[in-house]
Amino acid sequence: MATVEVKNVDKVYDNKVKAVSNASFVAKDKEFVILVGPSGCGKSTTLRMIAGLEEITKGEIKIGDKIVNNVSPKDRDIAMVFQNYALYPHMSVYENMAFALKLRKYKKEEIDKRVKEAAALLGIGELLDRKPKQLSGGQRQRVALGRAIVRQPKVFLFDEPLSNLDAKLRVQMRAEIIKLHKQLDTTIIYVTHDQTEAMTMANKIVVMKDGIIQQIDSPLKIYDNPNNLFVAGFLGSPAINQFQGKIIKKDDKLHFAGEGFDVAVAQKSEKALQEYVDKPVIMGIRPEDIYDSQYDSMASEPQKLHAICEVVEPLGNEFIVFVKIGDVNSVTARFDPKRLPQIDEKLDVTFDMSRTHYFDTETELAIR
């Protein structure tokens, strides 16, 4: 297995479009790294440069101890799993999985051993004689994984491999890939636009926007401490609530005065916000940190606000509730399913101010 190092990499196409700008990150040996961001952010281009399917305009990519900028894809000792599976329709599952090994002139016995071991690992042993058209989407994805596994490469690259599956199968395959990573004990670099996949699967997340890396860290550290407004808004479903307002001083205590409401700033945020007194800022708070005030015992620094219930989405294990607070429409809260609020009901909600985030309105960077 191997470490992958991407260092100051640019990708500029012939039409002068800059797809990736100064990208740098490290996928350590046996680490599961996910590149995540919206469509067009440069994540797949970055993956294809690692694979050798795209030329690098500037910078350096190293796999293990070897710089691979000018190394052909077949000599990089990587295996790639594509979004559309890329199986040969005229070949059986066995032949699809064995194909790359046959090209490399492996002995028949070794090919048979590797294919059957991979098939057993993925639970597709009974499918080896079938053609791809006889398989479901989930089975095809397992075959594509198997074709990569038999190669026993230093690094696995995944390009949105679950995006063609239905919601239930995506959840199942997420778990399968996590287990596979542990069993193979290998380095994986994985691309997705789905923040749930990124949060649940990765050891490390690389968040991208417009070809630029915004933040690199573990999923929970990024979720709890986003570097900027984009990262805060991209990770989390439902998305973080954002309020325009300013910091004011009342009775020697800092407050955030938003659109029709006023809340005391948490003690942990006061020092960082001192220089923003009487200046505009953006406050963010995630839906799970807004409680029905009848059940707010979880809030360590509670601030109660009057609200009107606008929409309720009962999901069984929780309620997604949209409320109006002051002049702000559709504040999103995630309530425990203890009491179902009614539309147009007046209720009190509690903000846990210890869980708020603040951002500079001009730079959109986090204020810390």
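Residues numbered from 1 in each chain as written. Predicted model: local features only at pLDDT ≥ 70, side-chain atom pairs only at ≥ 80, totals over all residues. Heavy atoms only, no water.

Undergrad: How should the pairing of strand E4 (residues 58-63) be read in this particular structure?
TA: Within a regular strand, side chains alternate between the sheet's two faces. When strand E1 (residues 4-12) meets E4, the two strands line up antiparallel, connected through 5 bridges. Paired with Glu-5 across the bridge in E4 is Lys-62. Where E4 and strand E5 (residues 66-67) come together, 2 bridges link them in antiparallel fashion. The partner of Ile-63 across the bridge, within E5, is Lys-66. Between the antiparallel neighbours E4 and E5 lie 2 residues, among them Gly-64 with a positive phi of about 65°. (Pairing = 2+ DSSP bridges. Helix = DSSP H or I, 4+ residues; strand = E, 2+ residues; numbered from the N terminus.)

Undergrad: Help me understand the environment of Ile-177, please; the structure alone is not making it clear to me.
TA: Within the secondary structure, Ile-177 is located in helix H5 (residues 167-184). Distance in space between the C-alpha atoms of Ile-177 and Gln-267 is 42 Å, their sequence separation being 90 residues.

Undergrad: Whenever I open this one, the sheet that holds E1 confuses me. Can you help?
TA: Hydrogen bonding along the main chain pairs the strands of a sheet, whether they run parallel or antiparallel. Spatially, the 4 strands line up as an open sheet ordered E2-E1-E4-E5, and their pairing is antiparallel. Because the sheet does not close on itself, it has two edges, and the strands there are strand E2 (18-27) and E5.

Undergrad: Explain empty space enclosed by the protein to me, please; I cannot follow it from the model alone.
TA: It is a probe the size of a water molecule, rolled over the atoms, that shows where empty space is left. Counted according to the given criterion, the structure contains 1 cavity of 30 Å³ or more. Approximately 30 Å³ is the volume found for the largest cavity. Ile-149, Phe-156, Phe-158, Leu-180, Leu-184, Thr-186 and Ile-188 are the residues that line the largest cavity. (1 Å grid on protein atoms, 1.4 Å probe; cavity = no way out; pocket = protein on both sides within 12 Å on 5 of 7 lines; lining within 4 Å. Points joined across faces, edges and corners; volume = space filled by probe spheres on them.)

Undergrad: Would you mind showing me how to read the side chain of Asp-360 here?
TA: By the secondary structure assignment, Asp-360 is in strand E20 (residues 357-360). For Asp-360, which is buried and forms no salt bridge, the nearest opposite charge comes from Lys-279, at a distance of 7.7 Å. Polar contacts involving the side chain of Asp-360 include one to the main-chain amide nitrogen of Glu-362, which spans 2.8 Å. Sequence-distant contacts of Asp-360, defined by excluding residues within four places in its chain, comprise Tyr-276, Leu-365 and Ile-367. (Buried < 20%, exposed > 50% of the residue type's maximum accessible area, 1.4 Å probe, protein only. Lys, Arg positive; Asp, Glu negative; His and termini not counted. Salt bridge = Lys/Arg side-chain N within 4 Å of Asp/Glu carboxyl O. Polar contact = N/O pair within 3.5 Å; in protein donor to acceptor, adjacent residues only side chain to side chain. Contact = heavy atoms within 4.5 Å.)

Undergrad: Please explain the packing of helix H2 (residues 93-103) against helix H4 (residues 137-149) as it appears in this structure.
TA: To describe two helices that pack against each other, one gives the angle between their axes and the distance between the axes. Two elements in contact, H2 and H4, have axes whose closest approach is 8 Å; the angle formed by their N-to-C orientations is 30°. By the angle between their axes, H2 is roughly parallel relative to H4. Pair H2 / H4 crosses with right-handed handedness. Facing H2, whose interface residues are Val-93, Asn-96 and Met-97, H4 presents Val-143, Gly-146 and Arg-147. Classifying every residue of the contact of H2 with H4 gives 3 nonpolar, 2 polar and 1 charged. (Axes fitted to C-alpha atoms, helices over the stretch in contact; angles between N-to-C directions. Parallel < 35°, antiparallel > 145°, perpendicular 65-115°, else oblique. Left-handed = near helix turned anticlockwise from the far one by under 90°. Nonpolar A, V, L, I, M, F, W, Y, C, P; charged D, E, K, R; others polar.)

Undergrad: I keep staring at the sheet that holds strand E11 (residues 241-250) and nothing clicks. Help me out?
TA: A sheet is described by the order of its strands in space; here 5 strands give the open sequence E13-E12-E11-E14-E20, paired in antiparallel fashion. The open sheet terminates on both sides in strands that have one partner only, identified here as strand E13 (262-264) and E20. On average, each strand axis in the sheet is inclined to that of its neighbour by 40°, with strand direction left out of account. The pairing of strand E14 (residues 280-285) with E20 spans 4 bridges and is classified as antiparallel. Paired with Val-281 across the two strands is Asp-360, which belongs to E20.

Undergrad: So what exactly am I meant to see when it comes to the environment of Asn-69 here?
TA: Locating Asn-69 in the fold gives a position in the loop between E5 and strand E6 (78-81). Each C-alpha atom of the pair Asn-69 and Ala-148 lies 22 Å from the other, and the pair is 79 residues apart in sequence. Discounting residues that sit within four places of it in the chain, Asn-69 has contacts with Ile-56, Gly-59, Glu-60, Ile-61 and Arg-76. Polar side-chain contacts of Asn-69 include one of 2.9 Å to the backbone oxygen of Gly-59. Within the local environment of Asn-69, its side chain forms a polar contact with the backbone nitrogen of Ile-61, the two atoms lying 2.9 Å apart.

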